[in-house]
Amino acid sequence: MKKMKLICPLLLIFFLIQVVSADIQSPEQFLGFKVGTARKLADTHQIVEYFKLLGKASDRIAVKEVGKTTENNPFIVAVITSAQNHNKLETYQNYQQLLADPRKISDEQAEKIISDGKAVVMINCTIHSTEIGASQMSMRLAYDLATKNDRTTREILDNVVLLLVPMHNPDGIQMVVDWYRKNLGTKYEGSRMPWLYQKYVGHDNNRDWYMFTQIESQLTLKVHNAWHPQIIVDMHQTSSRAARIFVPPFIDPFEPNVDPILRQQVAMMGTFIASELTAEGKAGVIHSNRYDAWTPSRAYHHYHGGIRILTEVASARIATPITIEFEELANVAKKPSVKIPLPWKGGKWTLKDIVEYDYSAAKAVLTNAARLRENWLRNFYRIHKKAVTRTAPPYAFLIPQEQKDLSTAVKMMNILQTGDVEIHKADSSFTAGGKQYPVGTYIIYMAQPYGCFAKALLENQVYPEIREYPGAPLKTPYDVAAHTLPLLMGVETVQVDKPFKANAVKQTKIDRPKGKVAVVGNAFGYVWAHTSNDDIVALNRLMKKNYKVFWAAKTFKANQKAYPAGTMIVKQSEKLTDDLKAIAKELLVHFEGLNGRPGVEVYELKPLRLGLYKSWTASMDEGWTRWVLEQYEFPFKSIFDKDIRKGNLNKDLDVIIFPSISKEAIVKGVSQENIPQKYAGGIGREGTANIKKFIEKGGTLITLDSAAEFAIRHLNLAVQDSSRKLTRKEFFIPGSILKVLTDKNHPIAYGYEKETAIFFRNSPVFQAEGASSVINYPDSNSLLSGWVNGEKYLFNKSALVDAAFGKGKIILIGFPAQYRAQSHSTFRFLFNSIYYAAAELKNL
Ligand SMILES: [Zn+2]
């Protein structure tokens, strides 16, 4: 009798679970094939649909649409934990917020939360859409967590809140799957798409974690900031010849603002995954290889109390199996070592293998989080406790209101606020570091939960010199080495090392101040400055309304004062004052009435007829350029290989921009071996001849960064790129911020100071004879932030060249002026070039 009593409820529970599980469709039932089946992929609509079904059928899964993506697909997150935990989700979320801000709780309260709270894990699948495995795996992982009841699953559900993002970029998954299905069974099965898998930035979507330019980054951040997970996993894929999976530890260097506790936890989680996979018999697990942890553009979470780990599984041909012989593997993947104790032997490699490795890695992460739940929470608290009680210098960064481009300074502060950084504003004047600062000065104190995020982005980077042994060659950075926002955005900031007192109020949202219109009676027109990006947007808006706009080519006097060269002038017209008032309401632009004809030589600006070259090589630089042009309201159209091959370009265009693409990619494009004929072949020889004709007849070609080589080689420009002759050992700058000197009298440099900063990334270095050099490198000390090797090769060389060619011009912008939409302070070199191209000198 006693025994029966015990058994019956157990049976009942078992029966109930069976009923619930039977109601939940497996991915196989839903899709009609097993996840990971060769040549079969679930697309975005199917993945979203399946997760919605799971959300309805399971009390362990809540599926939320966080927002819409760039191309209007649903961006979803699945919150997965036990049914009991789901009832207390808000409590757990609140716990996270409290542990993340130890100013709000005592150590005793923290201990109580640590014992009650749940470890929060975020798994971000397939940020790069061709690395498709994790997006497919996510369905199986969610299904298993919804239906299984083994001990490990229960441990995970009880101790962990999982935020599962099945697709970081749903638009891209749809594109990749469509392309794959379309070419299935043809020569092009598994081939690369001829366009970017995110509308603007393609593969660069994982370099957006401090600028937050793209919608998918913003949506992921929304999930992150609501929860502040302890563990974040980005699931990637890599070359088919690499080891089968990379997991951390990362290699040196770690960005110095990342807490040492996090660095140890990254290594601990990485080796835990490695040991679990190896124990399951999965060969080819490598750690401590290739990937470093320097740039915050990939690792927002390292500055927000969470570890950000990366897994990189070897790829197949999308969903098509491949065979890799042992000999074909990368050397590091072949020999047993501390990094890779069990190398893979080579053979067939399929989507199923990728899914299996991803699944095991995800399960390992969740198991670790569940079993070490308290450690994760306590360390999370400790990291933030250290952050809010920090006493080491700097004490604060100040951002004065006196700025050349205050609107961009506000944008920079908005970025920091998006990253949960607290910004104060002084109520009265104060003294800091021996200097007086006025009311309205912004203050960013370093002792705050995410002070390290602000510090990493506000200070100049000193990339360490790493050599394996004394006298060994320098270790070169894996990625870009600099991320100093004040230099990238042209914002004046002041670092204060010693504590000071100020009456200051925390700002919830810093708004861009409005502009002004100073009206004078019977004005000739209005003038405004040329020093901010808003000034250019104002110009675009007026040009669209067909107003006559000029740039003063010399200093001139009016209204009893002197205006510098570059000052923008708009001629009076019926509705002008109203239109200017409308602009000043939205943009920080000050228009001043001109009390008479300025009597100065000017550039008369022409309505833009601008073409941006879009190559079928799917150039990210093209995407970023397109994004920046759209954001700053430039009218333009994309032009393709066939347009350039057809010729007669002057009919519709005055200016053509070649984004940073190699000359081979421009001329030859992708071979027909690798892509359907429609997209193959580049602009070809006839296209090259047509570009030449276009310029000779008066058009302007603007080349960005590496595209300069096209003009130098194929148009026989009298400009040399002296970096071409240098080896990587002699000269290598993979992404740093450099000091340059501008020719302020040249229209392309209007509005700039003599000294300014540019981003440089494996860029050309010009020697220009018979052409104007608008920007030069100094004769010493060019490095401002990051790392350089062979700096001397830059000295006195040119970074931006304006060359006359026939009746037209070629402008070589020898650096990424629009670098990943981050280098706001150099956008205007591109913007000015576009208007200068067709402008005409006259007297006004
Ligand atoms: Zn990737």
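Coordinates for the structure precede this section.
Residue indices follow the written sequence of each chain, beginning from 1 at its first position. Owing to the predicted nature of the model, reporting of local features is limited to residues with pLDDT of at least 70; listing and counting of side-chain atom pairs is limited to 80 or more, with chain, interface and lining totals taken over all residues. Derived side-chain values reflect all non-hydrogen atoms in the structure, with water molecules and hydrogen atoms excluded from consideration.

Student: Honestly, the nonpolar core in this entry has me stumped. Any pointers?
Tutor: For soluble globular proteins, nonpolar side chains are generally found buried alongside one another. In this description, a nonpolar core means a group of buried Ala, Val, Leu, Ile, Met, Phe, Trp, Tyr and Cys residues linked to one another through side-chain atoms lying within 4.5 Å. Under the scheme applied here, a residue whose accessible area is under 20% of the maximum for its type counts as buried, over 50% as exposed, and between as partly exposed, the area being computed with a 1.4 Å probe on protein chains only. Counting 163 residues, the largest nonpolar core has Ile-123, Leu-141 and Leu-164 as its most contacted members. Each helix is a run of H or I in the DSSP string that is no shorter than four residues. Each strand is a run of E no shorter than two, and both are numbered from the N terminus. If you tally residues by element for this core, the top one is helix α12 (residues 351-371), at 12 residues. Core analysis: the second largest hydrophobic core is formed by 71 residues, Leu-580, Ile-657, Ala-817 and Ala-837 among them.

Student: What should I look at first to understand helix α18 (residues 576-586) in this one?
Tutor: Along an α-helix, residues three or four positions apart point the same way, because every turn accommodates 3.6 residues. The set of residues buried in α18 consists of Leu-576, Thr-577, Asp-579, Leu-580, Ile-583 and Ala-584. One face of α18 carries all of its buried residues, which in axial projection span an arc of 160 degrees. Opposite the buried face of α18, by more than 90 degrees, sit the exposed residues Asp-578 and Lys-585. In this analysis, two residues are considered to be in contact whenever any of their non-hydrogen atoms come within 4.5 Å of each other. Buried-residue contacts for α18 involve β20 (516-518), β21 (525-528), α17 (533-544), β25 (568-571) and β26 (590-594). What the arc describes is the spread of directions from the helix axis to the C-beta atoms.

Student: Please explain the sheet that holds strand β6 (residues 245-246) as it appears in this structure.
Tutor: Think of a sheet as strands paired side by side through backbone hydrogen bonds, with each pair either parallel or antiparallel. Spatially, eight strands are ordered β1-β2-β4-β3-β5-β10-β6-β8 in an open sheet, and the strand pairing comes out mixed. The open sheet terminates on both sides in strands that have one partner only, identified here as β1 (61-68) and β8 (285-286). Contacts from helix α7 (residues 133-147) reach β1, β2 (74-80), β3 (119-125), β4 (160-165) and β5 (231-238) within the one sheet, and its direction differs from that of β4 by about 145 degrees. The angle between two axes is taken between their N-to-C directions and runs from 0 to 180 degrees, where each axis is a line fitted to C-alpha atoms and a helix contributes only its stretch in contact. Sheet strands in contact with helix α10 (residues 215-227) are β1, β2, β3, β4 and β5, and its direction is about 135 degrees off that of β1. A pair of strands counts as paired when DSSP detects no fewer than two bridges linking them.

Student: I'm lost on α17 in this one. Help?
Tutor: The span expected for a helix works out to 1.5 Å for each residue beyond the first. A rise of 1.5 Å per residue sets the reference length of α17, with its 12 residues, at 16 Å; its end C-alpha atoms lie 17 Å apart and thus fit the reference within 8%. The element α17 is extensively covered by neighbouring structure, given that 10 of its 12 residues are classed as buried. Inspection of α17 places Asn-533, Asp-534, Asp-535, Ile-536, Val-537, Ala-538, Leu-539, Asn-540, Leu-542 and Met-543 among the buried residues, and these make up the whole buried set. Its side-chain oxygen at 3.3 Å from the backbone nitrogen of Asp-534, Ser-532 defines the N-terminal cap of α17. Asn-546 sits one or two positions beyond α17 and adopts a positive phi of about 65 degrees. In protein, a polar contact requires one atom able to donate a hydrogen and another able to accept it; more generally it is a pair of N or O atoms within 3.5 Å, and residues adjacent in sequence count only if both atoms are side-chain atoms.

Student: Just to check I follow, could you spell out the side chain of His-424 for this structure?
Tutor: Along the chain, His-424 turns up in strand β14 (residues 424-426). You can call His-424 buried: its relative accessible area is 15%. Ignoring sequence-local partners within four residues, the contact set of His-424 consists of Thr-441, Tyr-442, Ile-443, Tyr-445, Ala-504, Val-505, Lys-506 and Gln-507.

Student: Would you mind going over the sheet that holds β26 with me for this structure?
Tutor: Strand order in the open sheet formed by seven strands is β20-β26-β21-β25-β22-β27-β40, with mixed pairing between adjacent strands. Each edge of the sheet is formed by a strand with only one pairing partner; in this case those strands are β20 and β40 (840-843). Across the sheet, the axes of successive neighbouring strands diverge by a mean angle of 30 degrees, strand direction being ignored. Taken together, the four bridges between strand β27 (residues 601-604) and β40 define a ladder with antiparallel strand orientation. Bridged to Tyr-603 within β40 is Leu-841.

Student: What is the right way to look at the coordination of the zinc ion in this model?
Tutor: Four donors placed tetrahedrally around a metal ideally meet at 109.5 degrees, and six donors placed octahedrally ideally meet at 90 or 180 degrees. A donor here means an N, O or S atom no more than 2.8 Å from the metal, or no more than 3.2 Å when the metal is Na, K or Ca. Since water is not included, a site may seem to lack partners. For the zinc ion, the protein coordination sphere consists of His-128 (ND1), Glu-131 (OE), Glu-131 (OE) and His-236 (ND1), at 2.0 to 2.6 Å. Angle rules define the geometry names used: all angles between 85 and 135 degrees makes four donors tetrahedral, while opposite donors over 155 degrees apart and all other angles between 65 and 115 make four donors square planar and six octahedral, leaving every other case irregular. Every donor counted, the four donor atoms about the zinc ion form angles of 54 to 153 degrees at the centre, which fits irregular coordination. Sequence spacing among the residues donating to the zinc ion works out to H-x2-E-x104-H. Of this pair, His-128 sits in the loop between β3 and α7 while His-236 sits in strand β5, placing them 108 residues apart in sequence. Residue classification places His-128 among the buried positions, given a relative accessible area of 2%.

Student: Just checking my understanding: could you explain unusual backbone geometry for this structure?
Tutor: Negative phi is the rule for most residues except glycine; trans is the rule for most peptide bonds. A cis amide bond links Asp-252 to the next residue, Pro-253, at an omega of 0 degrees. Here Pro-253 lies in strand β7 (residues 251-254). Cis peptide bonds are those with omega within 30 degrees of zero, and the linkage from Pro-393 to Pro-394 qualifies with 0 degrees. Within the secondary structure, Pro-394 is located in the loop between α13 (373-388) and β13 (396-399). The residue Asn-762 is not glycine, and still its phi comes out positive at about 45 degrees. By the element assignment, Asn-762 lies in the loop between β34 (755-760) and β35 (766-768). One non-glycine residue, Asn-796, lies in the positive phi region at around 65 degrees.

Student: Which parts of the structure should I look at to understand the pattern of salt bridges?
Tutor: Should their charged atoms come close, side chains of opposite charge can pair. Any Lys or Arg side-chain nitrogen found within 4 Å of a carboxyl oxygen on Asp or Glu counts as a salt bridge. Counting across every chain of the model gives 46 salt bridges. Close ionic contact of Arg-39 with Glu-189 constitutes a salt bridge, the shortest N to O distance being 2.6 Å. With Arg-39 in the loop between α2 (27-31) and α3 (44-57) and Glu-189 in the loop between α9 (170-183) and α10, this residue pair connects regions lying 150 residues apart in the sequence. Among the residues examined, Glu-189 registers a relative accessible area of 11% and is labelled buried. The shortest N-O distance in the salt bridge between Glu-604 and Lys-842 comes to 2.9 Å. On the criterion of sequence distance, the pair formed by Glu-604 in strand β27 and Lys-842 in strand β40 is long-range, its members being 238 residues apart. Classification of Glu-604 as buried rests on a relative accessible area of 10%. Take Lys-842: its relative accessible area is 38%, and that puts it in the partly exposed class.

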